[in-house]
Number of protein chains: 4
Amino acid sequence: WEGEFFPGIPKIKYEGPKSKNPLSFKWYNAEEEILGKKMKDWFRFSVAFWHTFRGTGADPFGVGTKVWPWEDVDLWCFHDRDIAPEGKTIEESNANLDEVVALAKELQGTKIHPLWGTAQLFLQPRYIITFGAYALVTHYLGGENYVFWGGREGYQTLLNTDMEKELNHLARFMEAAVAYKKKIKFNGTLLLEPKPQEPTKHQYDWDAATCANFLRKYGLIGEFKLNIECNHATLSGHSCHHELETARINGMLGNVDANTGDPQTGWDTDQFMMDVSEATLVMLSVIKNGGLAPGGFNFDAKLRRESTDVEDLFIAHIAGMDTLARGLRNAAKLIEDGSLGELVRKRYSSFDSELGALIEAGKADFEMLEKKTIEWGEPRVPSAKQELAEMIFQAAL
Amino acid sequence: WEGEFFPGIPKIKYEGPKSKNPLSFKWYNAEEEILGKKMKDWFRFSVAFWHTFRGTGADPFGVGTKVWPWEDVDLWCFHDRDIAPEGKTIEESNANLDEVVALAKELQGTKIHPLWGTAQLFLQPRYIITFGAYALVTHYLGGENYVFWGGREGYQTLLNTDMEKELNHLARFMEAAVAYKKKIKFNGTLLLEPKPQEPTKHQYDWDAATCANFLRKYGLIGEFKLNIECNHATLSGHSCHHELETARINGMLGNVDANTGDPQTGWDTDQFMMDVSEATLVMLSVIKNGGLAPGGFNFDAKLRRESTDVEDLFIAHIAGMDTLARGLRNAAKLIEDGSLGELVRKRYSSFDSELGALIEAGKADFEMLEKKTIEWGEPRVPSAKQELAEMIFQAAL
Amino acid sequence: WEGEFFPGIPKIKYEGPKSKNPLSFKWYNAEEEILGKKMKDWFRFSVAFWHTFRGTGADPFGVGTKVWPWEDVDLWCFHDRDIAPEGKTIEESNANLDEVVALAKELQGTKIHPLWGTAQLFLQPRYIITFGAYALVTHYLGGENYVFWGGREGYQTLLNTDMEKELNHLARFMEAAVAYKKKIKFNGTLLLEPKPQEPTKHQYDWDAATCANFLRKYGLIGEFKLNIECNHATLSGHSCHHELETARINGMLGNVDANTGDPQTGWDTDQFMMDVSEATLVMLSVIKNGGLAPGGFNFDAKLRRESTDVEDLFIAHIAGMDTLARGLRNAAKLIEDGSLGELVRKRYSSFDSELGALIEAGKADFEMLEKKTIEWGEPRVPSAKQELAEMIFQAAL
Amino acid sequence: WEGEFFPGIPKIKYEGPKSKNPLSFKWYNAEEEILGKKMKDWFRFSVAFWHTFRGTGADPFGVGTKVWPWEDVDLWCFHDRDIAPEGKTIEESNANLDEVVALAKELQGTKIHPLWGTAQLFLQPRYIITFGAYALVTHYLGGENYVFWGGREGYQTLLNTDMEKELNHLARFMEAAVAYKKKIKFNGTLLLEPKPQEPTKHQYDWDAATCANFLRKYGLIGEFKLNIECNHATLSGHSCHHELETARINGMLGNVDANTGDPQTGWDTDQFMMDVSEATLVMLSVIKNGGLAPGGFNFDAKLRRESTDVEDLFIAHIAGMDTLARGLRNAAKLIEDGSLGELVRKRYSSFDSELGALIEAGKADFEMLEKKTIEWGEPRVPSAKQELAEMIFQAAL
């Protein structure tokens, strides 16, 4: 399997911000170090098999990830039914999968391996099997993560639904998955992907906080991380930055689905992230998290239906990667400049006082606080300086 | 203080559904039993001091809850600054409060007491004191609950905010509140009120699941319940029914703010609930919860600005109470009829099998499931019967 | 073609509100007169071929509208590609269509004919032909309307779009359609169907006012009416009632797509209308419009994916028709009772004065008004009585 | 009146993009020419009296627009009740206004004059007078525009509203305003300001297309232009760019309220525009419109409540002006580079053919088109190249 899948598309190189060549990187320079780490290690970009290679519908490009024409993408991710068609019975489906997996293993060679795998199946009883099979496959291919994405775990109406029972069942399934993972000695991270709606009216993994509550309630909190998708974040009423921070604060930031939505549409448009401002906020969170490994960035993004040139697929990936790379450079600039961090530090500086330290340590009770407050009189209200923060942020873009 | 505050407004009586008299109840009949409990005990209605008596701006009606002209409202609720004006210093404010509280105690007599109290103050240092003072007041007045409503606990932009630090501080505050409650032997329930936004861009108590996650993370889960406001629910992208069910499933359904919003406006309109369909769903949850006591229903609802007759205040409360009462009657009808419950039971009946029981008990691992699935072949997909469920529901309205 | 398409489904009869039989009408009684007109004439229900007969995907039920098993549906509507598969060339497609149309003509017999036809094609050059062909077909089948539904007339991003040019082209197309209609002597109504988004980010026929502006700008205002879809209305930020009223006031209310959406989802869910309150508002507008003929009501609604029983299709249509029928009964009750109308009349009664009449006639200039205002002093602000209006409305449900 | 209103705030100067001084312009250089016009003439910035000088509530800064401390703002705008308090009667209010207006005239000197004036009053009868008085004032002060902003022209519920009557009354009012304008020989532009909601559930001037339809229906289309506010645009479900383009295409783009909202909040946050990407899109429209004169840009934007330093007011205005200035520079870059324009031109190039020209001229009927289409066979679908357009756009930021 040595054919060239994208004739006419050259190797994509870094040419710097002045380049006018659409088929070049202007900001992403894989080997360049930013804040002490190579860009490729900050991002660990992976290509989504389903959108990238199968997304154009009429012209599926097949399985050949090896021919991906630019350097430094050595991760990919897959849905089960993307890479192997379903058979009439489970045995047939499994056989189809085995064959493709063997091929994938061979094509991967030693350099490429999956960032993660997942299963694209909806009916509950089969889904359980699917996890087993695909976790095994992901394991076999050297995958580093396994994503449980919220296919249809939700309801269309509460009228016909016993939500408590369904959540209990979901917990049983996740417990069994954890047990199975340990049994097969799969050391990758298990990831949940928060999503508020679509196709159901209400998914059970609505947003990061909802997922965290589910995992805490059922004693699963240490066993899973989250795969934050920006478009899912905005559909749930939060900014992508908010969801990343919520995941991070809860110790659960594991991976980023680097797409974006339209702020005025109420469904998942899965567009490539092209907004430098959003990308900078994303990277500020990722840097605070110390990176994402063993997770990374994948593109759950697809071309617009109207983008019918093969070239468009490359332009989209290049622009998406460049946008994030520019975001990383901007975030580094903000951190190195330090004035935004200083503004935030000052805002909370009253907690650096002796009393503040007592409060933070949980040692200040209401009597002590009342006494202090009466001593001090009316508090001074320091400005939150939002406009200055915005000015500093925009200057770094 | 014996004056009549609403001249011309008669005592409001139950006259049944055929009555055309706007100043009568058509559905709410306090002493009538529904599903084995008096209507007044299902609802435990309380009047919101701030909207009801102070909401009209130019004509504040003062503190006289005693003159509330209809029967069977023997609960009220208050914000601190509604009942006592702020002084120049804390000592002055406290003196103002002391005076009003003494008056309120006297006016209450032995029949009326607060459903809950709360504090309407925003700046963090003072808020702490406030809780102390008002928890004491609520306690002194025999209040059964204390609500922490999300005034400004949130952010306008993450650029100037350390969300992790703020959540830690909030947890310290809640821990201190729990300690203080125990110290003063206040046996009432502490309530958080989920709210997604307004006035801040993002509140920390976004929705029920977010509140539950916060409480679980900081080990406070048993100490608080939730006060679900329907308009807050819809602003967070959930139906009111969803939020009530989420609170219930997490063991945290404590009180209902029985208002409603407009499905097409993005801010808190705090309208009186007038939709029988929504009220029926609300009551289905409340019944499943076995009622709300020691919580109840309060009206965080206000007249439209254009409603300038005194009479409108009464019409609004009557219609709001009647809507919920009609919802209770409908919910009882659905439960007694049983066909909706049966539809749901059937949908999950596969879990009543031997294997289903093993799954629910967490004793079915992936190997067992795979074996069973292969034995069975393709699963039959039973219809979820959403349209039938909707037909049954609508027929009961 | 005489087979029975829905074995086991009996003829659907009116059994009245007490009936518990899901396969009966409780509110829709075709021959019963309401406000001087038979129910069937108020509604002129039509069945949507695409959702009803082809919507279940795996089991397309074919073309047999004749076997529709209940009485009084003698209208249907169709998309071109639903009834005839596309061929490899236009000639082939046209041949396919010709064949199916001949069959449809035969099956229709003398009783049934299309409420409207439309074309489901997206690419601009072909669309033009399509209109020609399908307008001819609709004409041939005796259709009373032709709908231009907003397939893809919009943009995904303004960056690659010349909106002015596209609107000019659209106007040219509509002008040509009007000319063609006259040429073939098709006397049906041309209908535009407002839709804000989906699949594009922004459609050119966003809502009723946007369509009216487009038609006025290009001098086409008398040539088209609107087909208002409730789910499209809510997606554009308006209530269905608002869109109906806007269409009516502009003299353009021609047809109703009687579906509904979920107030918390941002895409077109095309559910059957099950909300009696919404249906009552819809019928208030339709009655004010004096009915919709030659338009009517069609169900652009589909079963939920999880509704897999054949029976569900019938339950959904019955419940949708019953909901509207109940809405009609409620609207009639409100009109006959008169108190809501009286409330509105009073609100504007100041315009019944001599000056009011001058203002309404456009004969009061600013000088006259200033003089009068100074004479009168501060205006009294009458209550808008929203809560009373809501109470009256809910009592009628 | 010669006092210094903002002690400690120096004159704001242009220092270029490398400056770290928050109290300097980095992008706005009033006298610099961009695309053949000075920056100050592209923008015609005006300061909103109500937010800027009265917005902080506790510390109103009075009327002294003259002391505005940076160069080149020689336009201001006002609401009536901002500059003159209401009296007990109309005569008193008028006297208050007269006094302030005389002062304003004197303070203005010869250099400053209003960009526009408007009236902040809600009750209909008084509003009419108000327009008379304030139009006169605006005229007297040399104002170039008069804005009718959508205060409360809308409804809270259709249940108590006769929308048709209200729109007729609104039209009568606008007709009288046009007559009065002509009578007093006020040559300024009359502006409507589209706004979808707030405070009412639904305003009559929902968006640009709705305003255009209203004006066309009542024969007022040539008499008014639109004042587009970006935050109003997004609340109505459109991008600001869309509303500007809609106004422009309808020949009605008159002024820009240069604020912004938060994409995840459903109310008017009136924030200063800080997003360079949005500003670039705004300026692309303004340039296409050949500028806005006699209109311009005003800041209907206010500080966040938490921004309590006097300095914040300056930072906000500087950042808002700089963001637009940077947007202008980017837009100029895109236009001079030409590749985005070329991409769009190519997309419609088929209309440059002989047939395309016939279509554009309205001379191609359906028969001709069918014949051509059959001759040509299946159309080729050229790529819309959205991702390339986004790449080019982002590169210019």
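Please refer to the structure placed before this passage.
Residues numbered from 1 in each chain as written. Chains lettered and ligands numbered in written order. Predicted model: local features only at pLDDT ≥ 70, side-chain atom pairs only at ≥ 80, totals over all residues. Heavy atoms only, no water.

Asks: What exactly am I supposed to notice about the interface of chain D and chain C here?
Replies: Many descriptions give the size of an interface as the accessible area lost when the pieces come together. With 76 residues of chain D at the contact, the number on the chain C side is 76 residues. With both chains or domains summed, chain D and chain C bury close to 6,700 Å², and 64% of this area falls on carbon and sulfur atoms. When the buried surface of chain D facing chain C is broken down by residue, Leu159(D), Asn160(D) and Phe366(D) rank first, second and third, together holding 13% of it. Summed over the shared surface of chain D and chain C, the result is 4 salt bridges. For Glu164(D), the salt bridge identified is with Arg248(C), shortest N-O distance 4.0 Å. Between chain D and chain C we count 28 residue pairs in polar contact (both at pLDDT 80 or more) in total. Of all the elements, helix α6 (residues 163–183) of chain D adds the most residues to the side of chain D that touches chain C, at 11 residues. For the side of chain D that touches chain C, the per-class residue count stands at 35 nonpolar, 21 polar and 20 charged. (Contact = heavy atoms within 4.5 Å. Buried area = accessible area lost by both parts, 1.4 Å probe. Salt bridge = Lys/Arg side-chain N within 4 Å of Asp/Glu carboxyl O. Polar contact = N/O pair within 3.5 Å; in protein donor to acceptor, adjacent residues only side chain to side chain. Helix = DSSP H or I, 4+ residues; strand = E, 2+ residues; numbered from the N terminus. Nonpolar A, V, L, I, M, F, W, Y, C, P; charged D, E, K, R; others polar.)

Asks: Where do I start with the relation of the copies chain D and chain A in this structure?
Replies: The operation relating the pair of chain copies consists of a rotation about an axis and a translation along that axis. Overlaying chain D on chain A yields an RMSD of 0.0 Å, the required transformation being a rotation through 180° with an accompanying axial translation of 0.0 Å. On the angle and the small slide along the axis, the relation comes out as a two-fold axis. Every residue of chain D has its C-alpha some distance from the rotation axis, and the shortest such distance is that of Pro263(D), at 3.0 Å. (Least-squares fit on C-alpha atoms with pLDDT ≥ 70 in both.)

Asks: How should unusual backbone geometry be read in this particular structure?
Replies: Here Glu198(B) and Pro199(B) are connected by a cis peptide whose omega angle stands at 5°. As for its position among the elements, Pro199(B) is in the loop between β10 (189–193) and β11 (202–203). A positive phi angle is found at Leu35(A), which is not glycine, with a value near 45°. Position of Leu35(A) among the secondary structure elements: in the loop between β3 (33–34) and β4 (37–38). Residue classification places Leu35(A) among the partly exposed positions, given a relative accessible area of 33%. (Buried < 20%, exposed > 50% of the residue type's maximum accessible area, 1.4 Å probe, protein only.)

Asks: Quick question: what am I supposed to make of the interface of chain D and chain A here?
Replies: Facing 41 residues of chain D, the contacting portion of chain A comprises 41 residues. For the chain D face of the interface with chain A, the top three residues by lost area are Gln264(D), Glu387(D) and Met391(D), together amounting to 21%. Where chain D touches chain A, the interface holds 8 salt bridges. Between Glu311(D) and Lys385(A) there is a salt bridge, and its shortest N-O distance comes to 2.8 Å. Scanning the region where chain D abuts chain A turns up 28 residue pairs in polar contact (both at pLDDT 80 or more). Mapped onto the side of chain D that touches chain A, the elements with two or more residues apiece are α10 (276–288), α11 (310–337) and α15 (386–395) of chain D. Ranked by residue count, the leading element in the side of chain D that touches chain A is α11(D), at 8 residues. Considered class by class, the residues forming the side of chain D that touches chain A number 15 nonpolar, 12 polar and 14 charged.

Asks: I'm lost on the relation of the copies chain D and chain C in this one. Help?
Replies: Taken as rigid bodies, chain D and chain C are interconverted by a rotation of 180° and an axial shift of 0.0 Å, the fit giving an RMSD of 0.1 Å. The fraction of interface residues of chain D whose copies in chain C are also interface residues reaches 100%, indicating that both copies meet through the same surface.

Asks: Where do I start with the side chain of Glu243(D) in this structure?
Replies: On the secondary structure map, Glu243(D) appears in helix α9 (residues 240–249). This buried residue, Glu243(D), is left without a salt bridge; Lys201(C) holds the nearest opposite charge, at 11 Å. Once residues within four sequence positions are removed from consideration, Glu243(D) is found in contact with Pro194(D), Asp207(D), Ala208(D), Ile228(D), Ala233(D) and His238(D). (Lys, Arg positive; Asp, Glu negative; His and termini not counted.)

Asks: I tried to follow the packing of aromatic side chains on my own but got confused; where do I start?
Replies: Two aromatic rings, taken as a pair, are described by how far apart their centres are and by the angle between their planes. One pass over the structure, following the stated rule, counts 60 aromatic pairs over all chains. Judged by centre distance (5.2 Å) and plane angle (65°), the rings of Phe43(C) and Phe297(C) are edge-to-face. Note that Phe43(C) is positioned in helix α1 (residues 39–43) and Phe297(C) in strand β16 (residues 297–298), a separation of 254 residues in sequence. The exposure classification of Phe43(C) matches that of Phe297(C), with both residues buried. Measuring from centroid to centroid gives 5.3 Å for Tyr28(D) and Phe45(D), while their planes differ by 75°, and the two rings are edge-to-face. Residue Tyr28(D) is located in the loop between β2 (24–25) and β3 (33–34), and its partner Phe45(D) is located in strand β5 (residues 45–48); the two are separated by 17 residues in the primary sequence. A residue is classified by how much of its surface remains accessible, and Tyr28(D), at 3% relative accessible area, is buried. Among the aromatic side chains, those forming a connected cluster through ring pairs are Phe25(A), Tyr28(A), Phe43(A), Phe45(A), Phe272(A), Phe297(A) and Phe299(A). We note Lys37(B) situated over the ring of Trp42(B); from NZ or CZ to the ring centre the distance is 4.3 Å. (Phe/Tyr/Trp six-rings, centres within 6.5 Å; stacked < 30°, edge-to-face > 60°. Lys NZ or Arg CZ within 6 Å of the ring centre and 35° of its normal.)

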